[in-house]
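The chain contents come next:
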Amino acid sequence: MAKSIAQEFTKGLWEEIPPFRLVLGLCPVLAVTKTVENGIGMGLATTFVLVCSNILVSSLRKVIPGKVRIACFIIIIATFVTVVELVMQAFTYPLFLKLGIFIPLIVVNCVVLGRSEAFAFKNGVVRSLADGLGIGIGFTLALAALGAVRELFGNGTLTIWETPIQIFGPAFQPFTFMVEAPGAFICLGLMLCLMNLVSSK
Amino acid sequence: MREMIKMIVVLTVLSSFSGGLLAAVRNKTIDRIEVQQLTFVKGPAIQAILEGASNDPIVDRFKLEYEGGEASFFVGVFNGEPAKIAFESAGKGFGGEIGLMVGVDIKADKIIGVGVTTHSETPGVGSKAQTDPSFTKQFQDMDLMSTFQVKTDGGQIDIITGATITSRGVAIGVTQAGALYKSLKPQIEAKLKEFK
Amino acid sequence: MNSQKKLIVSHAPFLHIGSGITERNLHIIYAALPALLLGGLFRFGIPAIGVVCLSVSTAMLWELLMNRAMKRPVSVGDGNAALIGLLLAMLLPATAPWWLVITGTFVAIVIGKQIFGGIGGNAFNPVALSVAILMVSWKDYFDFNGMLMNYDPDFIMAYPLATLKNFGVSGIEQYSISDFLLGRQSGGIGATFGIGLLLGGAYLIMRGFIRWEISIAYLAGVFVTALLFNLTDPTRYADPFFHIFTGYTLIGAFFLATEDSSSPVNFIPMLIYGAAGGLMTILIRNIGAYIDGTVLAILVINLINPLLDKIRPKAMGKVV
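Throughout what follows, the structure given in this document is the object of discussion. The model shown is predicted, which means the values in this text are computed figures rather than measured ones. (Residues numbered from 1 in each chain as written. Chains lettered and ligands numbered in written order. Predicted model: local features only at pLDDT ≥ 70, side-chain atom pairs only at ≥ 80, totals over all residues. Heavy atoms only, no water.)

## Re the overall build of chain B
The helix and strand inventory of chain B stands at 4 helices and 5 strands. Going from N to C terminus, chain B has its helices and strands arranged as α-β-β-β-β-β-α-α-α. Taken along the three principal axes of its C-alpha coordinates, chain B extends 75 × 45 × 30 Å. The burial tally for chain B puts 42% of its 196 residues in the buried class. In chain B, 51% of the contacts between residues at least 6 apart in sequence involve partners at least 24 apart. A total of about 10400 Å² of accessible surface is found on chain B, and carbon and sulfur atoms cover 55% of it. Positive and negative side-chain charges of chain B, numbering 21 and 22 respectively, have mean locations separated by a distance of 4 Å. (Helix = DSSP H or I, 4+ residues; strand = E, 2+ residues; numbered from the N terminus. Buried < 20%, exposed > 50% of the residue type's maximum accessible area, 1.4 Å probe, protein only. Contact = heavy atoms within 4.5 Å. Areas by Shrake-Rupley, 256 points an atom, 1.4 Å probe, with all protein chains shown as cover. Lys, Arg positive; Asp, Glu negative; His and termini not counted. Charge placed at Lys NZ, Arg CZ, Asp CG, Glu CD.)

## A short note on the packing of aromatic side chains
A complete count under the given rule lists 20 aromatic pairs over all chains for this structure. Three or more aromatic residues link up through ring pairs in this structure, and these residues are Phe175 and Phe177 of chain A together with Trp99, Trp138 and Tyr141 of chain C. In this structure, Lys84 of chain B is placed above the aromatic ring of Phe78 of chain B, and the distance from its NZ or CZ to the ring centre is 4.5 Å. Between Lys139 of chain C and the ring centre of Tyr290 of chain C, over which it is positioned, the NZ or CZ distance is 5.3 Å. (Phe/Tyr/Trp six-rings, centres within 6.5 Å; stacked < 30°, edge-to-face > 60°. Lys NZ or Arg CZ within 6 Å of the ring centre and 35° of its normal.)

## Quick notes on the pattern of salt bridges
Taken as a whole, this structure holds 14 salt bridges over all chains when the rule is applied. Note that Asp109 of chain B and Lys185 of chain B form a salt bridge whose closest N and O atoms lie 3.0 Å from each other. Linking Asp109 of chain B in the loop between β4 (97-105) and β5 (110-116) with Lys185 of chain B in helix α4 (residues 164-195), this pair joins segments that are 76 residues apart in sequence. In terms of burial, Asp109 of chain B and Lys185 of chain B fall into one category: buried. Here Arg184 of chain C and Asp179 of chain C are joined by a salt bridge, their closest N and O atoms 3.1 Å apart. Under the relative-accessibility criterion, Arg184 of chain C is labelled partly exposed at 25%. Put simply, Glu8, Lys11, Glu16, Arg115, Arg127 and Asp131 of chain A are held in one network by salt bridges that share partners. (Salt bridge = Lys/Arg side-chain N within 4 Å of Asp/Glu carboxyl O.)

## What about the interface of chain C and chain A?
At the interface, 12 residues of chain C touch 10 residues of chain A. Approximately 910 Å² of surface area, both sides summed, lies buried where chain C meets chain A, with 74% of it carried by carbon and sulfur atoms. It is Ile133, Ser137 and Trp138 of chain C in chain C that bury the most area against chain A; as a group they hold 41% of the surface buried on that side. One can count 5 residue pairs in polar contact (both at pLDDT 80 or more) joining chain C with chain A. Secondary-structure elements contributing two or more residues to the side of chain C that touches chain A are α4 (98-111) and α5 (126-137) of chain C. Examining the composition of the side of chain C that touches chain A, we find that 4 residues originate from one element, α4 of chain C, more than from any other. By residue class, the composition of the side of chain C that touches chain A is 9 nonpolar, 2 polar and 1 charged. (Buried area = accessible area lost by both parts, 1.4 Å probe. Polar contact = N/O pair within 3.5 Å; in protein donor to acceptor, adjacent residues only side chain to side chain. Nonpolar A, V, L, I, M, F, W, Y, C, P; charged D, E, K, R; others polar.)

## Let's talk about the packing of helix α1 (residues 21-44) of chain C against helix α3 (residues 80-91) of chain C
Residues and elements named next belong to chain C. Axis separation between α1 and α3 bottoms out at 10 Å; the angle between their running directions is 20°. Relative to α3, the element α1 is oriented roughly parallel. The interaxial crossing formed by α1 with α3 has left-handed handedness. Every residue of α3 that contacts α1 at Asn25, Ile28, Ile29, Ala32, Ala35 and Leu36 is listed here: Asn80, Ala82, Leu83, Leu86 and Met90. (Axes fitted to C-alpha atoms, helices over the stretch in contact; angles between N-to-C directions. Parallel < 35°, antiparallel > 145°, perpendicular 65-115°, else oblique. Left-handed = near helix turned anticlockwise from the far one by under 90°.)

Following this line, the structure appears as structure tokens:
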């Protein structure tokens, strides 16, 4: 049953990739994936919080009393989220403006609290680090993939870093529905469906 | 009882650790954040208003205190003289506060430009105050000391179609900017003299 | 005790009455033909034929591909995909570009129908869903004035509902109801010919393929709501007949709102369903931002359909 550390890391990339397998953390998945850049930025911010909170929670797991563990998790997570918010404001302000309210909302992201509760509180520091990193990178990949599909069809571009790259050329008529909120739901549904189709084989 | 004390101790220690960390990060980043905010939020409006200035208005800024607050003034140097300044004001719009940047020619007390910096107006309707320059252009060359009102209220400003409240908010914001400018003018002039 | 037989079931073989999914779809297609042929293809010519052919064929192709991908029996033969393609084409302008048609059928068949498990499982009318999504994405291609600019027939080619929205009631005085009935108006390929749609609807109702309750309640909802608006301020709101014979109203009443799996089955729910659709249509046209609210109104009533299905007759002998 015991997985190796490498397995703990890789499970987040496919087996338990958060939005598609655990169907957790959908708020940022739906809200900020209008462009690839937003998706990656949001994913990296979440990864940072996930890794830091996992490390801290697992190293303190002997100290934290069971009855107030959720309160402790929230304090730890909220601290790191605020750190991320301040750092993003200081260094990548345009991205911060685009992500807006969704950065502070990482606090209530089920993925982060879920990993603390379900994994880090029961496992060692190195294991938790691998888990946090894997899940975080999986989350980033999922967001980037969704962002890529939505941006490609909704806008005809791909924005990896600041400047959008035109993919379809000027004759393309953007399918704006994809960058609207209902488009996010339908796109996520189709991707979930595709994942199940691929893995059921 | 022991468990109770343990809970309290752990929570207290965690909270103070968290507070300490956040204070440290905030101290390290506060200056950078201010510069970033000025460059990205107000920067475009300032640049548009003080176009052609030979200095960087965001670097050459000063603060003045007035009753109930503090205002930043951005100086634009034209022909070697700090002739124009831009400063902030705000008016209440349809979806909350509309942040404005008002540029003034010091000598003539005339508006050289008005730009919307932050707003939460309806996209496509009220947001035109920011995106459609023909609305804010109306303020150009008007006397800042006068009172601005939209035409529906018997004033001189054409409204944006469908966005009376937004237009009214901008007009009120510019009027307030005039009042602020009037009350602070001596200090502004003093500061500008130092600037030379 | 109660040994009296209520229903007698005899042995096989049974006689089939000839009604099935294929027949239903086929007859709905027949019913749509007068409006399509006389109103659309005759009026708009070659481009319209192109749109219809492309729409029907790609709809069937998507259906086939989805059948393959989902490893289900091929259901192209039941005609439902062809019907969806046909109805979609009837709502599009004659000059719709090829990619608009293909995206439209993709949305209708894949997202509107197959994702929900194929025929009978869709929560929304696939055609209405598709047109709504296309309308949100490419507003310009649903602007009939711009799209049909190159047609110069002997009647007024300005889209009536757009004229109403832009110029008010004084703008629509130039139109006459008889023109609308004879298909002498601008609009979607199959949505202009009033008499054709009425005939098709009457045929479907008489053969029992659609329920008269929904269509009549829908038209009544449009009529009453428009009449109320008209009575409050005749200078701002058009008269009810104008609303019934323009835009997608008739095709909506007979072909879209009555779609099987997204409409209710009992008497009272059908009346509420239809009337709510008519009400929403007029509300969107008179107050909302869109020029024609029919497809959006139909999506809204599709949404309340499961709730309406809760209103049902008490089961026999059941004591509450």
